[in-house]
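Architecture and fold: a report
Spelled out from the first residue to the last, the chains are:
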Amino acid sequence: MALKTTVITGATSGIGRETALGLAKKDHALWLLVRNVPKGEQLKKDIIAETGNKNIHVVKCDLADLQSVREAAAELSAKLVSVNVLINNAGGIFPEKKLSKDGFEMTFATNHLGHFLLTTSILPLLEKGHARIINLSSDAHKMGKANFDDLQWEQHKYSPAKAYGMAKLFNLYFTKSLAEKHAEKGVSAYAVHPGVVRTEFGAGMGGFVKILLWLARPFMITAEEGAQTSIYLATEPGMEKKSSQYFIKKKMAKSNLLSWSEENRNKLWDISKKLVARSEPGK
Ligand SMILES: NC(=O)c1ccc[n+]([C@@H]2O[C@H](COP(=O)([O-])OP(=O)(O)OC[C@H]3O[C@@H](n4cnc5c(N)ncnc54)[C@H](OP(=O)(O)O)[C@@H]3O)[C@@H](O)[C@H]2O)c1
């Protein structure tokens, strides 16, 4: 019998794939939220073949399409009684400015807004499961500034690194807000920097960044190594007292001073709520 029910995004590649494999080995029932269903079904087969754990489920969820996120949340709510672990792992960096289906800048949409809607839509399940929510941030948050007046990059020249840094800073704000707002219901939240990991991350980048990533590849850690902090936070007993914290290599780490701004995290929560509401069908 499965010990824990875990929902994970972005398990079809890199760190997420290794996190899913690691948790399947520890007997978690896995709900894989994927944008590419055939890729998700192949992953399911691979996990079953490698671990023998047959409690693996695939749910379609494109985080850059809020209706798809709503449908995924509805499917989870219909099929599950509770969720013990949610790993908001999917993410990416985009070389050119691009808009999501709902018209939001893609870095913000994929790394933050889709996960905001997913998490807040399944809160009753998370509360019932006294869940741990694990958000994949990055040390790149240290390059980020919260530019609430120009989330769409209409007034500033789009910069992939700055957009990514801001989104990863938002992952920290979201983590602290979740920890603060839902502690009473037994929900805890953690942010992770997985290390500099050899994955598909940045594969679409060109020019100087592409050369830099290629040069750095031999020094990067493997996806399996990059998954260890997420697996640790999902499984280690007694982590709840460290809720809201940022973790690197399974240890609490210092995040940028800016990441502790209460004003900014409240602002992000309010803006995100408004943006997802604005995208509801019929609005
Ligand atoms: N690699 C690093 O060095 C590093 C460092 C710090 C933080 N991180 C963070 O770690 C997380 C995992 O990154 P990774 O390195 O494993 O990257 P990756 O190999 O590129 O994997 C990204 C995953 O996200 C999924 N995804 C992307 N856009 C999506 C969308 N719109 N809807 C649903 N799923 C989507 C991808 O699905 P497909 O398979 O369909 O493409 C894939 O499964 C990200 O949040 C990243 O920001 C990575």
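Quick note: structure is the one above.
Computed from a predicted structure; not experimentally measured.

In this section: the site of the ligand. Within the structure, the ligand sits among 29 residues, and Thr12, Ser13, Lys39, Tyr164 and Thr199 are positioned closest to it. The side chain of aspartate 62 places a nitrogen or oxygen atom 2.9 Å from a nitrogen atom of the ligand. The backbone of valine 197 places a nitrogen or oxygen atom 2.8 Å from an oxygen atom of the ligand. Burial of the ligand by the protein chains amounts to 92% of its free accessible area of 900 Å². Across the shell around the ligand, the residue classes break down as 12 nonpolar, 12 polar and 5 charged.

Attention now moves to the nonpolar core. Counting residues in hydrophobic clusters, the biggest one holds 49 residues, and the most contacted among them are Leu33, Leu76, Phe108, Leu126 and Phe170. Contributing elements (two or more residues each) for this core: β2 (29-34), α3 (66-79), α4 (106-121), α5 (123-128), α6 (160-182) and α10 (262-278). Top element by residues in this core is α6. It accounts for 8 residues. Excluding anything up to four places from it in sequence, leucine 126 contacts Val83, Leu86, Thr119, Ala131, Ile133 and Val187. If you look at the next biggest cluster of nonpolar residues, it comprises 29 residues, including Ile47, Ile56, Ala223 and Phe247.

Outside of glycine, negative phi angles account for most residues, and trans bonds account for most peptide bonds. Even without glycine at this site, tryptophan 153 takes up a positive phi of about 55 degrees. In this fold, tryptophan 153 is placed in the loop between β5 (132-136) and α6.

Turning next to the sheet that holds β2. Note on sheets: strands pair through backbone hydrogen bonds, and any given pair is parallel or antiparallel. Pairing in this open sheet of 8 strands is mixed, and the strands run β3-β2-β1-β4-β5-β6-β7-β8 from one edge to the other. Both edges of this open sheet fall to β3 (56-60) and β8 (251-253), since each of them pairs with a single strand only. Each adjacent strand pair in this sheet contributes to an overall mean axis angle of 25 degrees, direction not counted. One ladder, built from 5 bridges, connects strand β1 (residues 5-9) with β2; its direction is parallel. Pairing of threonine 6 across the sheet is with leucine 30, part of β2. On the sheet, α3 packs against β1, β2 and β3 and is oriented at approximately 145 degrees with respect to β3. Across the sheet, helix α9 (residues 228-235) touches β4 (85-88), β5, β6 (188-193) and β7 (246-248), and the angle it forms with β5 is around 165 degrees.

Conventions adopted
Residues numbered from 1 in each chain as written. Predicted model: local features only at pLDDT ≥ 70, side-chain atom pairs only at ≥ 80, totals over all residues. Heavy atoms only, no water. Near = heavy atom within 4 Å. Polar contact = N/O pair within 3.5 Å; in protein donor to acceptor, adjacent residues only side chain to side chain. Areas by Shrake-Rupley, 256 points an atom, 1.4 Å probe, with all protein chains shown as cover. Nonpolar A, V, L, I, M, F, W, Y, C, P; charged D, E, K, R; others polar. Core = buried A, V, L, I, M, F, W, Y, C linked by side-chain atoms within 4.5 Å. Buried < 20%, exposed > 50% of the residue type's maximum accessible area, 1.4 Å probe, protein only. Helix = DSSP H or I, 4+ residues; strand = E, 2+ residues; numbered from the N terminus. Contact = heavy atoms within 4.5 Å. Pairing = 2+ DSSP bridges. Axes fitted to C-alpha atoms, helices over the stretch in contact; angles between N-to-C directions.

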